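# Remarks on the overall topology
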Amino acid sequence: MVESTPEKPYSGYTDDLRRVESSMRSRRARLLMALKDNEVAPTVVAFPLLGASNDELPRNGPVASSVLVPDDVINPHPRFGALTKNIRERRGSNVEVIAPLFQDDNTTGDAIKADAMAFGMGCCCLQVTFQCRDVDESRHVYDQLAVLAPIMMALTAATPILAGKLQDHDCRWDIVSQSVDDRTTDERRTSLSSSSKGDKRLAGSGTRKLRTSRYSAAASYVCRRCDLHSCAARYNDVEVEVDESALQKLKKEGIDDLLATHVAHLFVRDPLVIFDGLCEEVDDNTQTDHFENLQSTNWNSVRWKPPPADSNIGWRVELRTMEVQLTDFENAAFTVFCVLVLRVLLSFDLNIYVPMSKVHENMDRAHSRGAASQQKFWWRSHTVWKSTSGQRCVDGVEALRHRADAVTRTMSRRW
């Protein structure tokens, strides 16, 4: 898996939208130059035969302990080996990836099974990061993208094969989610055994019930704007697990309930990787390394990204659900489409909130085979703010004038 980003962020001009495809072509050309004559590097979500070919390769390595893939497939950077091993050790067993098997007249079995992080974190995707003008707009953008995330996943679905077999899903998301699920047995089950003592070294002693893997859909809306047009709190109808001490500290420092809940939810997980020299040596008063270490291993459908310390980088939001496409044209088209859709939402002050439970249901439906053309998704019927007299309160032209500087820079990322 190779990750590429533009040399510098795009600006908000139309010409920059036209540069996205050429930038992707340029990066692909540089990659091809590093390959041998008999090698190719297609932009596909998952290598179709990972775990299904060459039985002579060594198995049960000390890192992944997989019966399907050797440790050699793990990226040599220390982070990835540590992630693989620490997820397995915290969980107390190998991860268990189960995907539905496509059924035809000759199919035997009903599921595809895999047992290592490589099957999920070896998947490739298309991510787009939007820089916003301030913290309030970033929170508003986060909520809008949370609603759009499952729709964009269905539109870009491109994962029909896992471990050499056709699956009855079209997306990678559940595969990745299961491949990094480090929850203990107590955290995964619906009821806690009275004899369970837990492990004090773990967040929540490893016994707090956690509904999802650390790779999941956005848990809650965060925008604090509340008027007749929209109110995020009204649509947060899903239980969100939080670290109570982190929640109280955030509230004590003046953070509102919505954002405090979002951040405290991150702290129900343990950090998975700590690098030498970046533990006690980090000053939390001036550096954000510890927060980013935890934030970067909470993989949600949308990520809210505060600015790094001592940086001119602004408040950003990342859309993470789209799947990588075969051609640069397709990847650029989806990137530009997301930018334009978000500009319309901001410029015309549209309201696309639906209950968060419906967003999660949309995420489940987006996995279905042919979801974009055959599934039905929850969507808001009325998106325009209206007064009691029935007249629009927001004039489109006036809204455009006020939002002209919104989403000033975007970055496209292809994995």
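Preceding this section is the structure that the text describes.
Residues numbered from 1 in each chain as written. Predicted model: local features only at pLDDT ≥ 70, side-chain atom pairs only at ≥ 80, totals over all residues. Heavy atoms only, no water.

### A few points about the nonpolar core
Formed by 45 residues in total, the largest nonpolar core has its most connected members in Phe130, Leu145, Tyr221, Val317, Leu319 and Met322. Grouped together as the second largest cluster of nonpolar side chains are 24 residues, Cys171, Trp173, Val176 and Leu272 included. (Core = buried A, V, L, I, M, F, W, Y, C linked by side-chain atoms within 4.5 Å. Buried < 20%, exposed > 50% of the residue type's maximum accessible area, 1.4 Å probe, protein only.)

### A few points about the packing of helix H4 (residues 135-156) against helix H11 (residues 328-347)
Between H4 and H11, the shortest axis-to-axis distance is 11 Å and the interhelical angle comes to 135°. In terms of orientation, H4 lies oblique with respect to H11. As H4 runs across H11, the sense of the crossing is right-handed. Packed against H4, whose contacting residues are Glu137, His140, Val141, Gln144, Leu145, Leu148, Met152, Leu155 and Thr156, the element H11 presents Phe334, Phe337, Cys338, Val341, Leu342, Leu345 and Leu346 at the interface. For the contact of H4 with H11, the residue count by class is 12 nonpolar, three polar and one charged. (Axes fitted to C-alpha atoms, helices over the stretch in contact; angles between N-to-C directions. Helix = DSSP H or I, 4+ residues; strand = E, 2+ residues; numbered from the N terminus. Parallel < 35°, antiparallel > 145°, perpendicular 65-115°, else oblique. Left-handed = near helix turned anticlockwise from the far one by under 90°. Contact = heavy atoms within 4.5 Å. Nonpolar A, V, L, I, M, F, W, Y, C, P; charged D, E, K, R; others polar.)

### Brief notes about unusual backbone geometry
Positive phi values are uncommon outside glycine, yet Ser65 reaches one of about 50°. For Asp349, which is not glycine, the phi torsion reads 55° and is therefore positive. Looking at the element boundaries, Asp349 is found in the loop between H11 and helix H12 (356-366). Judged by its relative accessible area of 9%, Asp349 is buried.

### Details of H11
The end-to-end C-alpha separation of H11 is 28 Å, in line with the 28 Å expected for 20 residues at 1.5 Å each. Those residues of H11 not exposed but buried are Asp328, Asn331, Ala332, Phe334, Thr335, Val336, Cys338, Val339, Leu342, Leu345, Leu346 and Ser347. Two residues or fewer past H11, Asp349 is found with a positive phi of approximately 55°. (Expected span 1.5 Å × (residues − 1).)

### Observations regarding the environment of Tyr10
Mapped onto the elements of the fold, Tyr10 is located in the segment before helix H1 (14-33). With 121 residues separating them in the primary sequence, Tyr10 and Gln131 have C-alpha atoms 9.9 Å apart. In this structure the side chain of Tyr10 is engaged in a polar contact, spanning 3.2 Å, whose partner is the side chain of Ser23. (Polar contact = N/O pair within 3.5 Å; in protein donor to acceptor, adjacent residues only side chain to side chain.)

### Some words on the pattern of salt bridges
Taken as a whole and assessed by the stated rule, the structure comprises 25 salt bridges. Measuring nitrogen to oxygen at the nearest pair gives 2.8 Å for the salt bridge that ties Asp168 to Arg369. One end of the pair, Asp168, is in the loop between strand S5 (165-166) and helix H5 (173-179); the other, Arg369, is in the loop between H12 and helix H13 (371-374), and 201 residues separate them in sequence. Using a relative accessible area of 26% as the deciding quantity, one classes Asp168 as partly exposed. Taking relative accessible area as the criterion, Arg369 reaches 44% and is therefore assigned partly exposed. Between Asp186 and Arg189 there is a salt bridge, with its nearest N and O atoms 2.3 Å apart. By relative accessible area, which is 28% here, Arg189 ends up partly exposed. (Salt bridge = Lys/Arg side-chain N within 4 Å of Asp/Glu carboxyl O.)

### Remarks on the pairing of strand S3 (residues 126-131)
The buried fraction of S3 amounts to six of the six residues, a majority that puts the element mostly inside the structure. The alternating pattern of S3 places Leu126, Val128 and Phe130 and Gln127, Thr129 and Gln131 on opposite faces, both of which are buried.

### Here's the deal with the pairing of strand S9 (residues 316-319)
Along S9, one buried face is formed by Arg316 and Glu318 and the opposite face, lined by Val317 and Leu319, is buried too. Here S3 pairs with S9 via four bridges, running antiparallel. Bridge pairing in S9 links Val128 to Leu319. (Pairing = 2+ DSSP bridges.)

### So, the side chain of His262
Structurally, the position occupied by His262 is in helix H9 (residues 257-266). In this structure His262 comes out as buried when scored by relative accessible area, which is 8%. In this structure His262 touches Tyr142, Val222 and Trp304, once residues within four positions along its chain are discounted.

Read these as layout, nothing more, since geometry by itself doesn't imply function.
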